[in-house]
Amino acid sequence: MEMPIAAQPRAEQPRRLASFFGSAWRFRAFYVMLLPGLIYYVLFKYLPMYGVIIAFKDFNMSSGILHSAWAHPWNKHFLTFLHSPYFSQLLTNTVLISVYKLLFGMVPPIAMALLLNECRVKWFRSLIQTLTYMPHFLSWVIIYGILLALLSQSSGLVNQWIKDIGGETIPFLTSTSYFRSILVSSEIWQNLGWGAIIYLAAIAGIDPTLYEAARADGAGRLRMIWHVTLPGIRTVIIMLFILNLGHLLDAGFEQIYIMYNIQVYPVADILDTWVFRTGLQQLNFSLASAVGLFKAAIGLVLVLGSNRIARIWGEGIW
Amino acid sequence: MVKSSQDRIFNVVTVVILVLCGASAVFPLLYVLSVSVTPFSEVLKNGGFILIPRSVTLDAYHKLLTDSGLPRAFGVTVLVTAIGTVLNLVVTALTAYPLSRRKLPGRSFFLMAIVFTLLFNGGIIPTYLVVKELGLLNSIWAMILPNLVWSFNVLIMKSFYESLPEELFESARIDGAREFRILWTIVAPLSVPVTLTIGLFYTVGHWNEFFQAIMYVSDRMLFPLQVIVREILIQTQQPLENAENMTPTETLQMASVILASLPIIIVYPFLQKHFTKGMLLGSIKG
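Nothing here was measured: the structure is a model prediction, and the numbers come from that model.

A.B. asks: For this particular structure, what's the right way to read the overall build of chain A?
C.D. replies: Summing up its helical and strand segments, chain A has 16 helices and two strands in all. Its C-alpha atoms give chain A a radius of gyration of 26 Å, clearly above 20 Å, the size a compact globule of 318 residues would have. When the backbone C-alpha atoms are referred to their principal axes, chain A occupies close to 75 × 55 × 40 Å. When burial is assessed residue by residue, chain A has 35% of its 318 residues classed as buried. In chain A, the share of contacts with a sequence separation of at least 24, taken over all contacts with a separation of at least 6, comes to 65%.

A.B. asks: Help me out: how do you make sense of the domain arrangement of chain A in this one?
C.D. replies: Interface extent is often summarised as the accessible area lost during association of the parts. Each assigned domain of chain A is listed here: domain 1 (14–46) and domain 2 (84–317). The centre of domain 1 of chain A, based on its C-alpha atoms, is set 40 Å off from the matching centre of domain 2 of chain A.

A.B. asks: Mind showing me how you'd approach the packing of helix α2 (residues 28–51) of chain A against helix α5 (residues 107–119) of chain B here?
C.D. replies: Two numbers describe a pair of packed helices, the interaxial angle and the distance between the axes. Packing of α2 of chain A against α5 of chain B brings their axes to within 11 Å, and their N-to-C directions diverge by 40 degrees. Relative to α5 of chain B, α2 of chain A is oriented oblique. When you trace α2 of chain A past α5 of chain B, the crossing you get is left-handed. Facing Leu34, Tyr41 and Lys45 of chain A of α2 of chain A, the residues of α5 of chain B in contact are Phe110, Ala113, Ile114 and Thr117 of chain B. Residue composition of the contact of α2 of chain A with α5 of chain B, by class: five nonpolar, one polar and one charged.

A.B. asks: What should I look at first to understand the UniProt feature "transmembrane region" (unreviewed entry) in chain A in this one?
C.D. replies: According to UniProt, the feature "transmembrane region" (unreviewed entry) maps to residues 90–116, 137–158, 192–213, 225–243 and 283–304 of chain A in the numbering used here. For residues 137–158 of chain A, helix accounts for 64% and strand for 0%, while the C-alpha atoms at its two ends are 25 Å apart.

A.B. asks: What is the right way to read the interface of chain A and chain B from this model?
C.D. replies: Taken together, the contact between chain A and chain B spans 77 residues of the former and 79 residues of the latter. Element by element, the count of residues in the side of chain A that touches chain B is highest for α2 of chain A, at 15 residues. For the side of chain A that touches chain B, the class distribution of residues is 56 nonpolar, 15 polar and six charged.

A.B. asks: I keep staring at the environment of Leu147 of chain A and nothing clicks. Help me out?
C.D. replies: Mapped onto the fold, Leu147 of chain A is located in helix α7 (residues 140–151). Excluding residues within four positions of it along the chain, Leu147 of chain A makes contact with Leu173, Ile182 and Ser186 of chain A.

A.B. asks: I keep staring at the UniProt feature "transmembrane region" (unreviewed entry) in chain B and nothing clicks. Help me out?
C.D. replies: Residues and elements named next belong to chain B. Here the UniProt feature "transmembrane region" (unreviewed entry) sits at residues 12–33, 73–97, 109–128, 140–161, 182–202 and 252–271. Counted over residues 12–33, helix gives 100% and strand 0%. Its end C-alpha atoms are 31 Å apart. Helix makes up 95% of residues 182–202 and strand makes up 0%, while its end C-alpha atoms are separated by 25 Å.

A.B. asks: Before we go on, may I ask you to explain α2 of chain A in this structure?
C.D. replies: Since the α-helix packs 3.6 residues into each turn, any two residues three or four apart lie on the same face. Taking the largest bend as the criterion, α2 of chain A deviates by roughly 40 degrees, centred on Leu35 of chain A, and proline Pro36 of chain A comes between one and four positions later. For α2 of chain A, the set of buried residues is Phe30, Met33, Leu34, Gly37, Tyr41, Phe44, Lys45, Pro48 and Gly51 of chain A. Its buried side turned inward, α2 of chain A meets α3 (64–67) of chain A together with α4 (70–100), α5, α6 (124–133) and α9 (179–190) of chain B.

Reading the values: rules and limits
- Residues numbered from 1 in each chain as written.
- Chains lettered and ligands numbered in written order.
- Predicted model: local features only at pLDDT ≥ 70, side-chain atom pairs only at ≥ 80, totals over all residues.
- Helix = DSSP H or I, 4+ residues; strand = E, 2+ residues; numbered from the N terminus.
- Rg over C-alpha atoms; globule rule 2.2 N^0.38 Å.
- Buried ≥ 20, exposed ≤ 12 C-beta atoms within 10 Å, placed from the backbone.
- Contact = placed C-beta atoms within 7 Å.
- Domains from an automatic or database assignment.
- Axes fitted to C-alpha atoms, helices over the stretch in contact; angles between N-to-C directions.
- Parallel < 35°, antiparallel > 145°, perpendicular 65-115°, else oblique.
- Left-handed = near helix turned anticlockwise from the far one by under 90°.
- Nonpolar A, V, L, I, M, F, W, Y, C, P; charged D, E, K, R; others polar.
- UniProt positions renumbered as here; feature names shortened; annotations may be inferred.
- Bend = angle between axes of the 7 residues up to and from the residue.

In structure tokens, the structure reads:
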């Protein structure tokens with residue numbers, strides 16, 4: 001029979017290693033449970049981290065990761081990237097698209113949450129919630145299809161209207177001047193209702209006596225939003241903003257890859273899409289890995305930094 | 001406080017804006033639906049697509065279901081979704097449960113190792129090479145295994161298990177139950193709601209699977225739904241000819257969009273509650 005697992009806390013012993021293995025043995029069933037997950041993490045998460053060494057090698061398929069020769073100089077592929085014309089273009093596109101999404105995507109869900117909160121008719125409120133949460137579950141391929149229906153130059157609804165009033169049709173989806181706006185607005189559309197959930201939860205946590213006090217002071221509903229609701233969710237707003245800053249270099253690979261086309265590369269090509277094409281289509285594995293590592297390293301700093309800021313800032317508040 | 005006229009205006013404005021938001025979420029899909037059923041003759045007559053066609057045809061759907069890669073892709077996606085979700089849930093639960101036992105030696109090491117993968121990754125090229133070395137390219141496993149466990153879901157599950165009362169386990173152990181048995185007969189039934197929520201996210205993830213498919217699958221027979229629909233969407237539009245019985249490319253494209261989104265749209269309203277719960281579970285942890 002197995003030993004009872006949750007035994008008494010083990011006594012402090014000088015031979016700590018022995019005691020470690022002793023208690024580990026009692027937990028053996030748990031390690032067996034962990035096994036599939038561990039294998040997954042080692043194979044698909046940690047092995048690729050080891051694989052980034054090909055960024056410092058001249059990788060070729062026949063020699064594999066281990067036996068490919070080291071690059072000379074060691075940072076050859078990084079230098080190639082830094083000196084290529086792509087460098088500034090990719091970085092600009094990635095950061096710009098992220099920043100636009102962050103800035104313009106911030107307010108709509110907050111506004112949505114405030115409106116839903118002000119709506120007192122319960123069935124109406126949940127109807128609107130159900131409708132506006134739905135786009136969150138549509139894939140980018142579906143959303144691209146919708147955009148085609150609305151915006152395509154030959155038969156899109158908007159261009160149909162433009163034609164009807166006698167205007168020139170606009171190639172929205174293949175024009176460098178509209179593409180980023182389309183990326184940002186389609187993401188806002190997808191996230192409008194879903195993004196509001198977290199703010200609604202925060203609003204629900206506001207002390208109701210604050211509203212009563214405000215009402216006693218003769219505040220109208222707009223004033224209550226401004227002086228009670230918004231200050232009440234300020235922490236959550238700033239927190240989400242800071243945490244999102246950590247993902248500045250993830251401009252949304254899947255969305256962009258699905259929607260872009262060669263005409264809009266100058267404004268739409270981001271680090272991830274370039275890595276994908278360079279690595280898997282042009283088979284320049286080492287260069288692509290170097291750029292991927294460049295992105296992952298900066299991303300790590302950004303995430304850690306933003307989490308740190310969020311924590312310091314959060315301690316100041318609570 | 002007296003209900004002022006200002007208050008009434010406020011209510012009206014709120015409702016109007018909310019109606020507009022709700023409509024903006026639904027209208028685009030309704031328009032897509034309308035295009036997908038518009039007969040070619042109407043397109044010719046009106047010089048383009050209009051919001052509400054006067055007559056309706058299902059030609060595009062017929063053509064897609066009998067003469068395209070769509071039915072097969074549907075099958076692939078259903079298969080990947082079914083096998084994938086079951087494996088996702090089993091491995092996620094098996095990973096989260098031991099980590100919820102606070103006395104497990106090495107627990108913080110394993111947790112750190114999992115959280116670290118949320119912060120840093122090897123990137124798409126090294127991951128591709130690993131998948132290739134494992135011989136998974138061009139198999140349905142390439143769309144399941146590389147994303148088998150979402151670290152975030154492990155953390156959600158773990159904190160749920162931690163919230164279960166310790167006495168539950170104590171009494172079971174005194175009865176001599178083994179750990180796997182405890183997990184299966186006591187813990188699993190209690191965690192049905194959280195498992196359902198997490199399972200829904202895995203399911204939607206598989207249904208919308210695109211990234212891993214374009215990375216690891218080049219065999220057309222294994223293309224999932226989203227990849228095939230995108231292929232249909234980027235077909236160049238044929239010039240409209242005067243053949244009354246032909247189906248315009250746009251109509252076919254929009255029919256494929258409707259077919260691919262239909263399962264989610266049908267199932268979603270019934271499960272919305274669980275999704276919303278999951279979002280909050282996640283955000284508390286995050």
